[in-house]
Amino acid sequence: MAERGSIEHEVHARIGLLGNPSDVYSGRTISLSLSNFSATVRLEPSDRLVIEPHPTHDLMHFDSIDHLVDRLDSEGYYGGVRLLMSACNVFLKHCRENGIQLRMANFKLSYETNIPRQTGLSGSSAIVCAALNCLLDFYDVRHLIRVEVRPSLVLAAENALGIVAGLQDRVAQVYGGLVFMDFNKEHTEKFGHGIYTPMDINLLPPLHLIFAENPSDSGKVHSTVRQRWLAGDKFIISSMEEVANLALEGRKALLEKDYSKFADLMNRNFDLRRSMFGEDALGELNIKMVEVARKVGAASKFTGSGGAVVAFCPEGPSQVKLLENECAKLGFVVQPVQVAPSRLNDIDLKTLATTTP
Ligand SMILES: Nc1ncnc2c1ncn2[C@@H]1O[C@H](COP(=O)(O)OP(=O)(O)O)[C@@H](O)[C@H]1O
Ligand SMILES: O=C(O)[C@H]1O[C@H](OP(=O)(O)O)[C@H](O)[C@@H](O)[C@@H]1O
Ligand SMILES: [Mg+2]
């Protein structure tokens, strides 16, 4: 619970359920907000403007040089501080460019997260999105920045740091629940955002999440394929189109409760990713997580760019048990997926209802 004068926002992890990563390539996806994990950002009024490093995620003190190097090898150079800073930067510039006046006041931003780091569960955008929510409330401008625009601001904050990413994470995290997203180029260029259609979360079959301690950098994973796509590589372009169509077909399958079709689409989604990105970029352990699910007859694919897998056991609880046993042998964690419903409030919904083109 936030103290008086302070503001806290929790944003959940997300699962790219179908169609990812075509969001990075003008495609379509279906994604959901995953309540199993979340990041929380706290904003407290303060005399000076302070961005507080997290005691473990932004570790600055080490036992030894070996400790420092081990840490860099396993988690990279960065934690959440740069994300909070970039969120402030993008927010202020958006307000300036759009004539949104901000009162003169300072604050301290700090964060907490239990989203497994860099596992394709969108730990990065959860932090940025929670920070944006704090800023919207602190400056009382929630009604002036439309819901559809917010995912693009979250993405801009990460792009400014050189992180190659798409909009699907940010849309799922801004909207909550289950969302069908269409990032068609014309619309996105014209309006600065895609077309986002919330879906009923009760249409989803029971899903499972598999993950391992295995950080992967989404920017690095995407950079080569992105370059090939930009250079007009025919194979990448046609494969991405097929991936984008899986989201369309998946929406139909969900609405018709055709879950065996849905399972086929999930598998096809990963197979296409594998053929475009190649085994090396995807990583052996990540591929193993997909394969262990397939071994028991479950459908499986990445939730994001790698590190976690979403699995669907069409045969029900007995198949889930088999999945759990196989994952335990390999040291993978399995959890039932819990979907976080939308948390948009009345002010947010008004920005949607009155101005959506
Ligand atoms: N759990 C976390 N705690 C702190 N910072 C994080 C965390 N997860 C991601 N980040 C930050 O976000 C950046 C990009 O992460 P990314 O590769 O997109 O992973 P994810 O799949 O979790 O979003 C990282 O380099 C790091 O700066
Ligand atoms: O490759 C993907 O499916 C996604 O990769 C990124 O998400 P991450 O959680 O950081 O792995 C990217 O931001 C998404 O837009 C892609 O769909
Ligand atoms: Mg990310």
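Residues numbered from 1 in each chain as written. Chains lettered and ligands numbered in written order. Predicted model: local features only at pLDDT ≥ 70, side-chain atom pairs only at ≥ 80, totals over all residues. Heavy atoms only, no water.

- As recorded in an unreviewed UniProt entry, the protein chain goes by glucuronokinase and comes from Kalanchoe fedtschenkoi.
- Annotation of the protein chain in UniProt includes, under Sequence similarities (unreviewed entry), the sentence "Belongs to the GHMP kinase family." (UniProt positions renumbered as here; feature names shortened; annotations may be inferred.)

1. Observations concerning the UniProt feature "domain: GHMP kinase N-terminal" (unreviewed entry) in the protein chain
Piece 1. Those places that UniProt annotates as "domain: GHMP kinase N-terminal" (unreviewed entry) correspond, in this numbering, to residues 89–177.
Piece 2. The distance separating the terminal C-alpha atoms of residues 89–177 is 28 Å; by composition the span is 48% helix and 8% strand. (Helix = DSSP H or I, 4+ residues; strand = E, 2+ residues; numbered from the N terminus.)

2. Structural notes on empty space enclosed by the protein
Piece 1. Per the counting criterion, the structure on display carries one cavity of 30 Å³ or more.
Piece 2. By volume, the largest cavity is sized at about 40 Å³.
Piece 3. Among the elements of the structure, helix 2 (81–97), helix 3 (123–138) and helix 4 (150–159) are those that each provide at least two residues to the lining of the largest cavity.
Piece 4. Residues of the lining of the largest cavity, tallied by class, amount to eight nonpolar, no polar and no charged. (1 Å grid on protein atoms, 1.4 Å probe; cavity = no way out; pocket = protein on both sides within 12 Å on 5 of 7 lines; lining within 4 Å. Points joined across faces, edges and corners; volume = space filled by probe spheres on them. Nonpolar A, V, L, I, M, F, W, Y, C, P; charged D, E, K, R; others polar.)

3. Focus on the confidence of the model for the protein chain
Piece 1. Scored by pLDDT, the protein chain comes out at a mean of 93, with 95% of its residues at no less than 70.
Piece 2. For this predicted complex, the interface score ipTM comes out at 0.94, alongside a pTM of 0.93. (pLDDT = per-residue confidence, 0-100.)

4. As for a nonpolar patch on the surface
Piece 1. Together, I65, L68 and V69 make up a nonpolar patch on the protein surface, roughly 260 Å² of accessible area in all.
Piece 2. Looking at where I65 falls in the secondary structure, it is placed in helix 1 (residues 65–75). (Patch = residues over 30% accessible without salt bridge, like charges linked within 9 Å, V, L, I, M, F, W, Y side chains within 5 Å. Areas by Shrake-Rupley, 256 points an atom, 1.4 Å probe, with all protein chains shown as cover. Salt bridge = Lys/Arg side-chain N within 4 Å of Asp/Glu carboxyl O.)

5. Section: the domain arrangement of the protein chain
Piece 1. Assigned domains within the protein chain: domain 1 (7–201 + 340–354) and domain 2 (207–336).
Piece 2. Just the C-alpha atoms count here: the centres of domain 1 and domain 2 sit 23 Å apart.
Piece 3. Contact with domain 1, which involves 33 residues of that partner, is made by 41 residues of domain 2.
Piece 4. Surface buried jointly by domain 1 and domain 2 totals about 2900 Å² across both partners, of which 66% is contributed by carbon and sulfur atoms.
Piece 5. Linking domain 1 with domain 2 are zero salt bridges, by the criterion used here.
Piece 6. Across the domain 1-domain 2 interface, the total number found is 16 residue pairs in polar contact (both at pLDDT 80 or more). (Domains from an automatic or database assignment. Contact = heavy atoms within 4.5 Å. Buried area = accessible area lost by both parts, 1.4 Å probe. Polar contact = N/O pair within 3.5 Å; in protein donor to acceptor, adjacent residues only side chain to side chain.)

6. Some remarks on the pattern of salt bridges
Pairing between side chains of opposite charge can happen when the charged atoms of each approach one another.
Piece 1. For the coordinates displayed, the defined rule picks out 24 salt bridges.
Piece 2. With a shortest N-O distance of 2.8 Å, R142 and D137 are connected by a salt bridge.
Piece 3. The partner of K321 in a salt bridge is E324, with the nearest N and O atoms 3.6 Å apart. Residue K321 and its partner E324 are both found in helix 11 (residues 317–330); the two are separated by three residues, about one turn of the helix.
Piece 4. Since its relative accessible area comes to 48%, K321 is described here as partly exposed.
Piece 5. Judged by its relative accessible area of 32%, E324 falls in the partly exposed class.
Piece 6. Here the salt bridges do not stand alone but share partners, grouping R14, E158, D169 and R170 into one network. (Buried < 20%, exposed > 50% of the residue type's maximum accessible area, 1.4 Å probe, protein only.)

7. Details of the packing of aromatic side chains
Piece 1. Per the stated rule, a full pass over the model turns up 10 aromatic pairs.
Piece 2. Taking the centre distance of 5.7 Å and the plane angle of 25° together, the rings of F91 and Y139 count as stacked. In this pair, F91 sits in helix 2 while Y139 sits in the loop between helix 3 and helix 4, placing the two residues 48 residues apart along the sequence. Grouping residues by exposure puts F91 and Y139 together as buried.
Piece 3. Seen in terms of ring centroids, F138 and Y139 are 5.0 Å apart; in terms of plane orientation they differ by 80°. Their pairing is edge-to-face. For the pair F138 and Y139, a shared accessibility class is recorded, and that class is buried.
Piece 4. Site record: aromatic cluster; members linked through ring pairs are F91, F107, F138 and Y139.
Piece 5. A cation over a ring is seen here: R103 above F138, with NZ or CZ 4.2 Å from the ring centre.
Piece 6. Across the ring face of F277, the terminal group of R273 is positioned such that the distance to the ring centre comes to 5.6 Å. (Phe/Tyr/Trp six-rings, centres within 6.5 Å; stacked < 30°, edge-to-face > 60°. Lys NZ or Arg CZ within 6 Å of the ring centre and 35° of its normal.)

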